[in-house]
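Results of the structural survey
Each chain is listed here by its residues.
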Amino acid sequence: SCDVFIGVDSSPAHIAVAYGKPCVIMCGSVNSKLVYPDLTNVEIIQQPCDHAFCWHSKSGSSEGVPCFYNGTEKAFQCCQYDSDMIINAIDKLT
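Residues numbered from 1 in each chain as written. Predicted model: local features only at pLDDT ≥ 70, side-chain atom pairs only at ≥ 80, totals over all residues. Heavy atoms only, no water.

To continue, consider the overall build of the protein chain. Helix and strand counts for the protein chain stand at 3 helices and 3 strands. Overall, the protein chain is about 40 × 30 × 15 Å in size when its C-alpha atoms are taken along their principal axes. Within the protein chain, counting contacts between residues at least 6 apart in sequence, those at least 24 apart form 37% of the total. Approximately 6,100 Å² of the protein chain is accessible, and the part contributed by carbon and sulfur atoms is 54%. (Helix = DSSP H or I, 4+ residues; strand = E, 2+ residues; numbered from the N terminus. Contact = heavy atoms within 4.5 Å. Areas by Shrake-Rupley, 256 points an atom, 1.4 Å probe, with all protein chains shown as cover.)

What follows deals with the sheet that holds strand β1 (residues 5–8). Sheet architecture is open: 3 strands sit in the order β1-β2-β3, paired in parallel fashion. The outermost strands of the open sheet, each flanked by one partner alone, are β1 and β3 (42–45). Within the sheet, the average angular offset between the axes of one strand and its neighbour, ignoring direction, is 15°. Direction of pairing for β1 relative to strand β2 (residues 23–26): parallel, over a ladder of 4 bridges. Directly across from I6, in β2, lies its bridge partner V24. Taken strand by strand, helix α3 (residues 83–93) contacts β1, β2 and β3, and its axis lies near 160° from that of β3. (Pairing = 2+ DSSP bridges. Axes fitted to C-alpha atoms, helices over the stretch in contact; angles between N-to-C directions.)

Averaged over all residues, the pLDDT of the protein chain is 87; the fraction at 70 or higher stands at 91%. The lowest-confidence element of the protein chain is helix α2 (residues 32–35), averaging 85 in pLDDT; the highest-confidence one is β2, averaging 97. (pLDDT = per-residue confidence, 0-100.)

Before going further, it helps to examine the environment of I44. Mapping I44 onto the fold places it in strand β3. When the C-alpha atoms of I44 and C79 are compared, they prove to be 12 Å apart, with 35 residues separating the residues in sequence.

In this fold, L39 is placed in the loop between α2 and β3. Ignoring any residue separated from it by four or fewer positions in sequence, one finds L39 in contact with K33 and I44.

Turning next to the pairing of β2. Burial along β2 is two-sided: the face carrying C23 and I25 and the face carrying V24 and M26 are both buried. Once you follow β1 into helix α1 (residues 11–18) and on to β2, the crossover reads as right-handed. Pairing of β2 with β3 involves 4 bridges; the strand directions are parallel. Looking at β3, one finds that V24 is bridged to E43. (Buried < 20%, exposed > 50% of the residue type's maximum accessible area, 1.4 Å probe, protein only. Right-handed = clockwise from strand over helix to strand, strands pointing away.)

Written out as structure tokens, the structure is:
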């Protein structure tokens, strides 16, 4: 039992959502609305990126694509989180 699940987009996150637990989920290059169609009780943390959701850019495939910015200082900018973002997301759920 938990009051709030806090974690990355993963199997434990999907289980917590399935059990209806309040969740703070940190997502990267995925489109969270495709992965979590019902965002009731879920706060997604994801940074903006001009190539957002690049993982899903290979149409008709379950295979993702590498970060557009691999090898640059912008690599994985969608995955940058800090404690304030997490605390704010928890506050929205409680």
